[in-house]
Amino acid sequence: MPLAPVDKIWMDGGLVDWEDARIHVLTHALHYGTGVFEGIRAYETKRGPAVFRLTDHIRRLFRSAHLYQIDVPHSNEEMIQACVETVKVNGLKACYIRPLVYRGSGEMGLNPLNAPVNTSVAVWSWENYLGEEALERGATAKISSWKRSDHNIIPPGAKATGGYVNSGLAKVEALKAGYDEAIFLNMAGYVTDGTGENIFAVRDGALHTPPLSAGCLDGITRDSVITIARDLGYEVHERNMARTDLYFADEAFFTGTAAEVCPIREIDDRVVGSNGLGPITKEIQSTFFGAVHGDDDRYASWLTFVNE
Ligand code: PPE
């Protein structure tokens, strides 16, 4: 999706113009994927833009950095403030927010530990990852021939830039085969997630989603949906799922910051249940959108208001 430039990007502690946010070609992360990042959204509310679960995203950013032994040169609070400031200064009502911590230039070779650590926060307008119309109509998906990288290969629980080549392979395979999205299985053959989303199935009125141990990201939208579903009175089971659990589902949906709560209408050419936005998915989706837009007091603590 082409990016529409905004005014400012936060880089290493200060704001620079969009076109000046440049790096050297010998940036370590460019060669070896040695970066960690987050994807966050700010939504329009009656009180101005609000960032959804900002502290949880920044906590996960630091967890990812910890795994890769990257010392983030800013505090947790400074990264939170950097996100707030970058949303504010660009004057967008709603946007996607991309904090990045990466190994910079000055060292080559696989030992990353002597390379400097740089940070940035960029924001841009981003429609739903699978298309706004997919939120109603549902996306199509294909089980990938590529497996999700394992806990002992590239741990899927941390958002490392380099790990996303795994997702890229599956995404391209799915798109070229005519599907909107890929679904990964792990090395044991159980469902993990999409290329940039967690996955849920609804069957007989209960929700099912792979456990984190299957090898999926500890998605913040996943966690929000589990909370919302239980608040609405649904049972949620985190359990290993076979691909047939998806084919047999009454409803299925992806969750993610970029993809939000997006129904899946077809998996491997098999229509899923109601072929679109099923009733339970719809209820969860609309509660989720109520929460992110500040219209549901139960979830007020999930929002950070940028102008307050
Ligand atoms: N699994 C993966 C592999 C993943 O990348 C994401 C986020 C999720 C699950 C959902 O996590 P959460 O956003 O916390 O609910 N994927 C990001 C996509 C980034 C991209 O550039 O593509 C996102 O949604 O921001």
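Here the structure is shown first, and the text comes after it.
Conventions and cut-offs
- Residues numbered from 1 in each chain as written.
- Predicted model: local features only at pLDDT ≥ 70, side-chain atom pairs only at ≥ 80, totals over all residues.
- Heavy atoms only, no water.
- 1 Å grid on protein atoms, 1.4 Å probe; cavity = no way out; pocket = protein on both sides within 12 Å on 5 of 7 lines; lining within 4 Å.
- Points joined across faces, edges and corners; volume = space filled by probe spheres on them.
- Nonpolar A, V, L, I, M, F, W, Y, C, P; charged D, E, K, R; others polar.
- Phe/Tyr/Trp six-rings, centres within 6.5 Å; stacked < 30°, edge-to-face > 60°.
- Helix = DSSP H or I, 4+ residues; strand = E, 2+ residues; numbered from the N terminus.
- Buried < 20%, exposed > 50% of the residue type's maximum accessible area, 1.4 Å probe, protein only.
- Polar contact = N/O pair within 3.5 Å; in protein donor to acceptor, adjacent residues only side chain to side chain.
- Contact = heavy atoms within 4.5 Å.

J.: What's the story with empty space enclosed by the protein in this structure? I'm lost.
T.: Enumeration according to the criterion identifies 1 cavity of 30 Å³ or more in this entry. Space inside the largest cavity adds up to approximately 50 Å³. Lining the largest cavity are Arg41, Tyr43, Phe52, His57, Thr221, Gly256, Thr257 and Phe288. Per-class residue counts for the lining of the largest cavity are 3 nonpolar, 4 polar and 1 charged.

J.: Please explain the packing of aromatic side chains as it appears in this structure.
T.: Pairs of aromatic rings are described using the distance from one ring centre to the other and the angle between the two planes. Enumeration over the complete set of coordinates arrives at 10 aromatic pairs. A ring pair is formed by phenylalanine 37 and tyrosine 164, whose centres lie 5.0 Å apart and whose planes are at 65°; its orientation type is edge-to-face. Taken as a pair, phenylalanine 37 in strand β3 (residues 35-37) and tyrosine 164 in helix α5 (residues 164-176) lie far apart in primary sequence, 127 residues in all. A residue is classified by how much of its surface remains accessible, and phenylalanine 37, at 8% relative accessible area, is buried. Taken together, a centroid distance of 4.7 Å and an interplanar angle of 15° make the contact between tyrosine 299 and tryptophan 302 stacked. The buried category is assigned to tryptophan 302, whose relative accessible area is 12%. Put simply, the rings of Phe52, Phe288, Phe289, Tyr299 and Trp302 touch in pairs and so form one group of aromatic residues.

J.: What exactly am I supposed to notice about the side chain of histidine 57 here?
T.: Along the polypeptide, histidine 57 turns up in helix α2 (residues 54-67). Side-chain polar atoms of histidine 57 contact the side chain of glutamate 38, separated by 2.7 Å. Aside from chain neighbours lying at most four places away, what touches histidine 57 is Glu38, Gly39, Ile40, Phe52, Ile220 and Thr257.

J.: How do you make sense of the side chain of aspartate 268 when you look at a structure like this?
T.: Looking at the element boundaries, aspartate 268 is found in the loop between β15 (260-267) and β16 (270-271). Only 2.5 Å separates the side chain of aspartate 268 from the side chain of tyrosine 247, close enough to count as a polar contact. The residues touching aspartate 268, leaving out its near neighbours within four places in the chain, are Ala141, Lys142, Ile143, Arg243 and Tyr247.

J.: Honestly, the environment of tyrosine 32 in this entry has me stumped. Any pointers?
T.: In this structure, tyrosine 32 sits in helix α1 (residues 28-32). Overall, tyrosine 32 belongs to the partly exposed group, its relative accessible area being 34%. In the structure, tyrosine 32 is positioned 129 residues away from threonine 161 in sequence and 9.2 Å away in space, judged by C-alpha atoms. In this structure, tyrosine 32 is in contact with Met108, Gly109 and Leu110, ignoring residues within four places of it in sequence. Polar side-chain contacts of tyrosine 32 include one of 3.1 Å to the backbone nitrogen of glycine 109.

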